[in-house]
Amino acid sequence: NAFFTQVKSTLADFRGVNLQRAKFLDSSFILCHFDDCNAGFLEAPKVNFTGSSWAGAQLDRAVLLGANFSLARLGGASLRGCPMNHANFFSSDLTGAQFTKSNMEGCHLLRVHAEGVVIDGVNLRKAHLSEGNFTGATFDGSYLMEAVTDDAIFEGASFQGVQR
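Report follows, based on the coordinates. (Residues numbered from 1 in each chain as written. Predicted model: local features only at pLDDT ≥ 70, side-chain atom pairs only at ≥ 80, totals over all residues. Heavy atoms only, no water.)

## Quick notes on the environment of aspartate 26
Selection criterion: Strands here mean DSSP runs of E at least two residues long; helices mean DSSP runs of H or I at least four residues long; both are numbered from the N terminus. Exposure is judged per residue with a 1.4 Å probe applied to protein chains only, and the accessible area is read against the type maximum: over 50% gives exposed, under 20% gives buried, and values in between give partly exposed. In this analysis, two residues are considered to be in contact whenever any of their non-hydrogen atoms come within 4.5 Å of each other. Pairs of N or O atoms are called polar contacts if they sit within 3.5 Å, as long as, within protein, a hydrogen donor faces a hydrogen acceptor (for residues adjacent in sequence, only side-chain-to-side-chain pairs).
The residue aspartate 26 is located in the loop between strand E3 (23–25) and strand E4 (28–30) in this model. Residue classification places aspartate 26 among the partly exposed residues on the basis of a relative accessible area of 47%. Between the C-alpha atom of aspartate 26 and that of threonine 95, which follows or precedes it by 69 residues, the distance is 28 Å. Contact partners of aspartate 26, with chain neighbours within four places excluded, come to Gln6, Val7 and Lys8. Side chain to side chain, aspartate 26 and glutamine 6 meet in a polar contact 3.3 Å long.

Right, here's the structure in full:
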């Protein structure tokens, strides 16, 4: 198990690396590449991943409370069962990502590109989804109480069993 504390990294390449159960504490990874990583059970609360790429990565059950993924690329990534309350995904690419059964209460999903994203059974209470493109997304069984969706696009999205 890797342990990173107070790491400040820019443009590092972690593509395909096994980061399962790694711990990132008080760190930032700006414009780094984590594509196709196995990062299940990663612990990265409040870590800054601005502009980093996680395309195709597996982050199931990662602890991402308050993490910053603004301007990041998470297309096709799996983030199922993750506690990520108050995480920031501002203007990120979430196309085809899987967030099933994650806790995204208070998350910022402003201006995201999230076509085909799977957000089933997710707590989105007080989340901000304004100006995001959620075309073809599924929110089945999710909890959307007090979520803000101003000017978001939900063309062809599924909301079966949604709790409001």
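## Considerations on the environment of valine 118
Along the chain, valine 118 turns up in the segment after E4. For valine 118, a relative accessible area of 16% translates into the label buried. Distance from valine 118 to arginine 80, taken between C-alpha atoms, is 9.5 Å for residues 38 residues apart in sequence. Those residues in contact with valine 118 that sit more than four places away from it in its chain are Ala97, Gln98, Phe99, Thr100 and Thr138.

## Brief notes about the nonpolar core
The following threshold applies: For the purposes of this section, nonpolar cores are sets of buried Ala, Val, Leu, Ile, Met, Phe, Trp, Tyr and Cys residues that join through side-chain atoms within 4.5 Å.
Of all hydrophobic cores here, the largest spans 48 residues; its most connected members are Phe89 and Phe99. Non-local contacts of phenylalanine 99, meaning those with residues more than four positions away in its chain, are made with Leu79, Arg80, Met84, Phe89, Leu94, Met104, Val117, Val118, Ile119, Asp120 and Val122.

## Digging into the environment of alanine 12
In this structure, alanine 12 sits in the loop between strand E2 (8–10) and E3. For the pair formed by alanine 12 and glutamate 43, sequence separation is 31 residues and the distance between their alpha carbons is 19 Å. Once residues within four sequence positions are removed from consideration, alanine 12 is found in contact with Cys32 and His33.

## Concerning the pattern of salt bridges
The test is simple: One side-chain nitrogen of Lys or Arg within 4 Å of one carboxyl oxygen of Asp or Glu is enough to make a salt bridge.
Evaluated as defined, the whole model comprises 6 salt bridges. Notably, a salt bridge pairs aspartate 60 with arginine 80, separated by 2.8 Å at the nearest N-O pair. Taken together, the residues aspartate 60 in the segment after E4 and arginine 80 in the segment after E4 connect sequence positions 20 residues apart. Look at aspartate 60 and you get buried, because its relative accessible area is 14%. Put simply, arginine 111 and glutamate 131 hold a salt bridge, and the shortest N to O gap is 2.8 Å. Note that arginine 111 is positioned in the segment after E4 and glutamate 131 in the segment after E4, a separation of 20 residues in sequence. Overall, glutamate 131 belongs to the partly exposed group, its relative accessible area being 42%.

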